[in-house]
Amino acid sequence: MSGSRIARRIRTVAALAAVVTVLGATSAHAQQQAIDPTWLSFDAAARSARFQLIAGLTGLNGALNFNGFSDGSLTFVVPVGWQTEIDFRNHDGMLPHSAEVIAPQTPLPIQPVAPAIPRAFTLRLAEGLISEATDTMGFTAQPAGDYLIFCGVPGHGAAGMWIRFQVSASAKVPALLLTPAPGKR
Ligand SMILES: [Cu+2]
């Protein structure tokens, strides 16, 4: 290979490295997960809602997230009295996870607690469901109030693996809302 060809190749590699660096910086800033509209479906006439709850969807918070959200930054709203189905799937290739509806509390528990709504919990609350395992929790959304959807595997919920669940006396239809904590993006 001639000297000029080597120099050209070195310039090409340096240019590629610069592009990769810029892309890396961009993805580090793009941590805010967008809400995927397919996560929520509902039947207003039947007063039923279905939410796909995905544990460890992204690498955010060491994969201790639901649908790419941690620390309450996503809220699932359901009108009071609606039949609610939460379809849990563990997308995390490493850690087991579970989910349950609990009352808001400070500090957050480090182990599973009694669910705040009857039947609103997955199998294997403390051990967690393994990668790609699924479970469906079905319950009536009542009473109205603010709740958390919390991972019961010891330490996960307290480390931020929780989102919000609101049983609303005023909402007409279910919704997913971005609810970033003050001081967080
Ligand atoms: Cu977990």
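Just so it is clear, the model here is predicted, and its values are computed rather than measured. (Residues numbered from 1 in each chain as written. Predicted model: local features only at pLDDT ≥ 70, side-chain atom pairs only at ≥ 80, totals over all residues. Heavy atoms only, no water.)

Looking now at the coordination of the copper ion. Distances from the copper ion to its protein donors, H97 (ND1), C151 (SG), H156 (ND1) and M161 (SD), fall at 2.0 to 2.6 Å. The site at the copper ion holds four donor atoms, and with the angles between them running 86 to 135°, its shape is irregular. The motif formed by the donor residues of the copper ion, counted along the single chain, is H-x53-C-x4-H-x4-M. Across this residue pair, the class does not change: H156 and M161 are buried. (Donors = N, O, S within 2.8 Å, 3.2 Å for Na, K, Ca; no water. Tetrahedral: all angles 85-135°; square planar, octahedral: opposite > 155°, others 65-115°. Buried < 20%, exposed > 50% of the residue type's maximum accessible area, 1.4 Å probe, protein only.)

With that out of the way, let us pick up the sheet that holds strand 9 (residues 175-178). Here we have five strands laid out as an open sheet, ordered 5-7-8-3-9, and mixed in their pairing. Edge positions in the sheet fall to strand 5 (100-102) and strand 9, since each of these pairs with one other strand and no more. For this sheet, the mean angle separating the axes of adjacent strands, direction not counted, is 30°. The pairing of strand 7 (residues 145-150) with strand 8 (residues 162-168) spans six bridges and is classified as antiparallel. (Pairing = 2+ DSSP bridges. Helix = DSSP H or I, 4+ residues; strand = E, 2+ residues; numbered from the N terminus. Axes fitted to C-alpha atoms, helices over the stretch in contact; angles between N-to-C directions.)

This next bit is on the sheet that holds strand 1 (residues 40-43). Ordered by their spatial adjacency, four strands build an open sheet running 1-2-4-6, and the pairing between neighbours is mixed. Two strands lie at the open edges of the sheet, namely strand 1 and strand 6 (134-140), each paired on one side alone. Across this sheet, the average inter-strand angle for adjacent strands is 15°, counted without regard to direction. Strand direction decides the pairing type here: strand 4 (residues 83-90) and strand 6, joined by seven bridges, are antiparallel. Bridging from a neighbouring strand, T84 pairs with F139 of strand 6.

Considering all chains together, one arrives at six aromatic pairs under this definition. The interplanar angle of 90° and the centroid separation of 5.9 Å between the aromatic rings of F139 and F165 together place this pair among those described as edge-to-face. Of this pair, F139 sits in strand 6 while F165 sits in strand 8, placing them 26 residues apart in sequence. On the accessibility criterion, F139 (2% relative accessible area) is buried. Measuring from centroid to centroid gives 6.0 Å for Y147 and F165, while their planes differ by 40°, and the two rings are tilted. In this pair, Y147 sits in strand 7 while F165 sits in strand 8, placing the two residues 18 residues apart along the sequence. Of the two residues, Y147 and F165, neither departs from the other in class, the shared state being buried. Of the aromatic side chains, those joined through ring pairs into one cluster are F51, F76, F139, Y147 and F165. (Phe/Tyr/Trp six-rings, centres within 6.5 Å; stacked < 30°, edge-to-face > 60°.)

Here we take up the nonpolar core. Residues F51, L53, F66, F76, I149 and F165 are the most contacted members of the largest nonpolar core, which totals 34 residues. Of all elements in the fold, only strand 2 (48-55), strand 3 (74-79), strand 4, strand 6, strand 7 and strand 8 reach the threshold of two or more residues within this core. One finds I102, L108, L148 and F150 within the second-largest nonpolar core, a separate group that totals five residues. (Core = buried A, V, L, I, M, F, W, Y, C linked by side-chain atoms within 4.5 Å.)

Read these as layout, nothing more, since geometry by itself doesn't imply function.
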